[in-house]
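Survey of secondary and tertiary structure
Now for the letters of each chain:
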Amino acid sequence: MDIILLQDVKSLGKKGETVKVNDGYARNFILPKKLGVEATSKNLNDLKLQKAHEEKVAQEILEEAKAFAAELADKKVELFIKTGEGGRTFGSVSTKEIAAAAKEQLGYDIDKKKMQLAEPIKSPGTFEVPIKLHPKVIGSLKVHVSEQ
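Rules behind the numbers
- Residues numbered from 1 in each chain as written.
- Predicted model: local features only at pLDDT ≥ 70, side-chain atom pairs only at ≥ 80, totals over all residues.
- Heavy atoms only, no water.
- Helix = DSSP H or I, 4+ residues; strand = E, 2+ residues; numbered from the N terminus.
- Rg over C-alpha atoms; globule rule 2.2 N^0.38 Å.
- Contact = heavy atoms within 4.5 Å.
- Areas by Shrake-Rupley, 256 points an atom, 1.4 Å probe, with all protein chains shown as cover.
- Pairing = 2+ DSSP bridges.
- Axes fitted to C-alpha atoms, helices over the stretch in contact; angles between N-to-C directions.
- Buried < 20%, exposed > 50% of the residue type's maximum accessible area, 1.4 Å probe, protein only.
- UniProt positions renumbered as here; feature names shortened; annotations may be inferred.
- Phe/Tyr/Trp six-rings, centres within 6.5 Å; stacked < 30°, edge-to-face > 60°.
- Salt bridge = Lys/Arg side-chain N within 4 Å of Asp/Glu carboxyl O.

**Here's the deal with the overall build of the protein chain**
Helix and strand content of the protein chain: three helices and six strands. Mapped in sequence order, the helices and strands of the protein chain form the string β-β-α-β-α-β-α-β-β. The C-alpha radius of gyration of the protein chain comes to 25 Å, more than 25% above the 15 Å expected for a compact globule of 148 residues. Taking the principal axes of its C-alpha atoms as reference, the protein chain extends roughly 80 × 25 × 20 Å. Counting contacts in the protein chain only where the partners sit at least 6 residues apart, residues at least 24 apart contribute 50% of the total. Just so you have it, the protein chain exposes about 10100 Å², and 51% of that area is on carbon and sulfur atoms.

Right, dumping it as structure tokens:
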């Protein structure tokens, strides 16, 4: 019997795949637990339409991420760091502070966990902070750190 899987089934297949299983396995395990449905022409057509819709939504999300990355490219965030004698700094600028400044100054709600800062910023200057907006899109935000 051919079955369209509605969920991932260990050692059988992933969600959305069509697999061939024994009739008893399908009737007694897959169908009662709602792990899959029989692969009729109607169900196959529904699966095809669902996949097309998911691809369209994924493409729209990718386009939004690219547009946001382009918008971020020319934006700049100003932060201050305390310095002592000889230009020595006290503390550092972390992704949490950059996210808070972006929300306050630009109005963008950027998740601090998506910022890929190798190490906290410990000196004044202008830095490019990479931000992972989508698995395929990495944006960049300029952060200007000056002495206070």
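**Here's the deal with the sheet that holds strand β1 (residues 2–5)**
Within the open sheet, the three strands sit side by side as β2-β1-β3. Their pairing is antiparallel. Two strands in the sheet have a free side with no partner beyond their single neighbour: β2 (18–20) and β3 (36–38). Between one strand axis and the next, the sheet turns by 35 degrees as a mean value, whatever way the strands run. As paired strands, β1 and β2 are joined by three bridges and run antiparallel to one another. Counted as the bridge partner of I3 is V19 from β2. Docked against the sheet, helix α2 (residues 41–73) engages β1, β2 and β3, running at close to 30 degrees with respect to β1.

**Some thoughts on the pairing of strand β4 (residues 76–81)**
Residue alternation in β4 divides its side chains into a buried set, V77, L79 and I81, and an unburied set, K76, E78 and F80. Sheet analysis places β4 next to strand β6 (residues 137–147), joined by six bridges and oriented parallel. The partner of I81 across the bridge, within β6, is E147.

**Looking at the UniProt feature "domain: Ribosomal protein L9" (unreviewed entry) in the protein chain**
Under the local residue numbering, the UniProt record ascribes the feature "domain: Ribosomal protein L9" (unreviewed entry) to residues 1–47. The distance separating the terminal C-alpha atoms of residues 1–47 is 17 Å; by composition the span is 32% helix and 21% strand.

**Focus: the sheet that holds β4**
Pairing is mixed across the open sheet formed by three strands, whose spatial order is β4-β6-β5. Single-partner strands in this sheet number two, and they are β4 and β5 (125–134). Between one strand axis and the next, the sheet turns by 35 degrees as a mean value, whatever way the strands run. Relative to β6, β5 runs antiparallel, the two being bridged by nine bridges.

**Focus: the packing of aromatic side chains**
Tallied over the full model, the rule gives two aromatic pairs. Plain terms: the ring middles of Y25 and F29 are 5.4 Å apart, the flat faces sit at 15 degrees to each other, and that makes the pair stacked. Of the two residues, Y25 and F29 are both situated in helix α1 (residues 23–30); the distance of four residues between them amounts to about one turn of the helix. The class of Y25 is partly exposed, set by a relative accessible area of 35%.

**Topic: the pattern of salt bridges**
A pair can form between side chains of opposite charge whenever their charged atoms are brought close. Under the counting rule described, the total for this entry stands at one salt bridge. The residue K42 makes a salt bridge to D46 at a minimum N-O spacing of 2.9 Å. Linking K42 with D46, this pair stays in helix α2, spanning four residues, or about one helical turn. Taking the relative accessible area as the measure of exposure, D46 reaches 34% and is therefore partly exposed.

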